[in-house]
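Examination of the molecular architecture
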Amino acid sequence: MKHTTRRRPATDPDLAPPAPAAARHRGSYDRPLARLADLTAAAAAEVLALVMPVDCVCCGAEDAALCGVCSRRLRLLTLRPFRAELQAPALVDVDGSALLPVVAAGAYRAELAQCLLSFKSHGQSRLAGELAQALARAVHAAAGQAQGVALVPVPTSSAAFRKRGFSPVHLLLRRLLRAGSIPGFTVADALRKTVPPARSRVPLTGVRDQPGGQKGLSRGARSRRVRGSMRARAGPWSPSVAGRPCIIIDDVLTTGATVAEAARALRAAGALVTGAVAVAATRPPAPSDGQAVSPAVAGPGGGEQKNKPEKDE
Ligand SMILES: [Zn+2]
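Bear in mind that the values here come from a model prediction, so they are computed numbers and not experimental data. (Residues numbered from 1 in each chain as written. Predicted model: local features only at pLDDT ≥ 70, side-chain atom pairs only at ≥ 80, totals over all residues. Heavy atoms only, no water.)

Another point: the overall build of the protein. Counting its secondary structure elements, the protein contains eight helices and nine strands. The 313 residues of the protein split such that 51% are buried. Partitioning the contacts of the protein with sequence separation of at least 6, the portion at a separation of at least 24 is 80%. Total accessible area computed for the protein in this model is approximately 14200 Å², and 55% of it derives from carbon and sulfur atoms. (Helix = DSSP H or I, 4+ residues; strand = E, 2+ residues; numbered from the N terminus. Buried < 20%, exposed > 50% of the residue type's maximum accessible area, 1.4 Å probe, protein only. Contact = heavy atoms within 4.5 Å. Areas by Shrake-Rupley, 256 points an atom, 1.4 Å probe, with all protein chains shown as cover.)

Protein coordination of the zinc ion is provided by Cys56 (SG), Cys59 (SG), Cys67 (SG) and Cys70 (SG), with donor distances spanning 2.3 Å. Around the zinc ion, the four donor atoms sit at angles spanning 103 to 117°, and that spread fits a shape best called tetrahedral. (Donors = N, O, S within 2.8 Å, 3.2 Å for Na, K, Ca; no water. Tetrahedral: all angles 85-135°; square planar, octahedral: opposite > 155°, others 65-115°.)

Another aspect to go through is the environment of serine 118. Tracing the chain through its elements places serine 118 in helix H3 (residues 110-122). Residues serine 118 and valine 57, spaced 61 residues apart in sequence, show a C-alpha to C-alpha distance of 6.8 Å. Of the polar contacts made by the side chain of serine 118, one reaches the side chain of glutamine 124; its length is 2.7 Å. (Polar contact = N/O pair within 3.5 Å; in protein donor to acceptor, adjacent residues only side chain to side chain.)

Further remarks concern H3. For H3, built from 13 residues, the straight-helix expectation of 18 Å at 1.5 Å per residue is met to within 8% by its first-to-last C-alpha distance of 18 Å. For H3, the set of buried residues is Glu111, Leu112, Ala113, Gln114, Cys115, Leu116, Ser118, Phe119, Lys120 and His122. After H3 finishes, the residue glycine 123 shows a positive phi value of roughly 70°. (Expected span 1.5 Å × (residues − 1).)

Orientation of helix H2 (residues 68-77) relative to helix H4 (residues 125-143), taken along the N-to-C sense of each, is 20°, at an axis distance of 10 Å. Our classification of the angle between H2 and H4 gives roughly parallel. At the point where H2 passes H4, the crossing takes the right-handed sense. Here H2 contributes Ser71, Leu74 and Arg75 to the contact with H4, which in turn contributes Arg126, Glu130, Leu131 and Arg137. (Axes fitted to C-alpha atoms, helices over the stretch in contact; angles between N-to-C directions. Parallel < 35°, antiparallel > 145°, perpendicular 65-115°, else oblique. Left-handed = near helix turned anticlockwise from the far one by under 90°.)

Glancing now at the pairing of strand E8 (residues 245-253). Counting buried residues along E8, eight of its nine residues qualify, which places the element largely inside the surrounding structure. Across four bridges, strand E4 (residues 150-153) lies against E8 in parallel orientation. When the bridges of E8 are listed, valine 152 appears paired with isoleucine 248. Summarising the sheet, E8 and strand E9 (residues 272-281) pair through eight bridges and their orientation is parallel. (Pairing = 2+ DSSP bridges.)

The next thing to look at is the nonpolar core. Note that soluble globular proteins tend to have their nonpolar side chains buried in a common cluster. Leu66, Leu131, Leu135, Leu151, Ile247, Ile249 and Val277 are the most contacted members of the largest nonpolar core, which has 48 residues in total. Those elements that place two or more of their residues in this core are H2, strand E3 (102-107), H3, H4, helix H6 (168-179), E8 and E9. Take this core: its biggest share by element is 12 residues, from H4. In contact with isoleucine 249, other than residues within four places in its own chain, are Leu135, Val139, Leu151, Val152, Pro153, Val154, Val169, Leu173 and Val277. Listed in part, the 30 residues of the second largest apolar core include Leu100, Val259, Ala260 and Ala265. (Core = buried A, V, L, I, M, F, W, Y, C linked by side-chain atoms within 4.5 Å.)

Here is the structure:
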């Protein structure tokens, strides 16, 4: 596989001003200042898109960040969202029941893995469009008929944000709002990272430079590392999640420790966490597994899972 993406400056190329016609069905963004930041970055991104040559991030074909063939493969990989929580050890209780239902758009492999990696590094607009549509399919599958659900993105660490210049999950959600792909949903940027207690920090030696970062950590190490690392935002510009049904949005589901921590922080703020959605899951269920046919986590008969405490191990 040829990797031909070129490193770009830390701007967000996905932030073009919205088309006037898209406004009618747009969802809402709970933090109005974010829209201002979108518009400020848009001009620079437009110029960059004109001068930066791009090749397909999957096969290296020239002239497009994702060629037509790889784009079709990506769509096939994300056509049928599936339930992935029972393959995420941090989300499984000692009795084998799931602590939180999670719907993934696709398995973390082939074109989906390659596109996610490249998008998280460089934020290509073409990839954002394709990945956002995959995310939208999973969100709709997860929400079922549920109304008034707030989508809460998992927060990016400030170190990751400084390195990339954008938050991949926030960018995908903004794109879906602009395109009118998630009518009826609200995006609530309700979580922020905190500095965890020193005793729970786990050194990242040998892990930091791997593709995907935390994917190299063991389940226990990752759980300890993220526990207590998030809390609900508080302040005049912060969305309130108390009493609201929420679905957590993340990019890649691995052990589930990040999603479990987000659920803990949201529930501590009074939110009704009905489930989570990831663009990709590193451990998809076997094709014969029954959970693959019932992805809804917040529709009729779904609703909030029992309010069990999140496991540390
Ligand atoms: Zn290609």
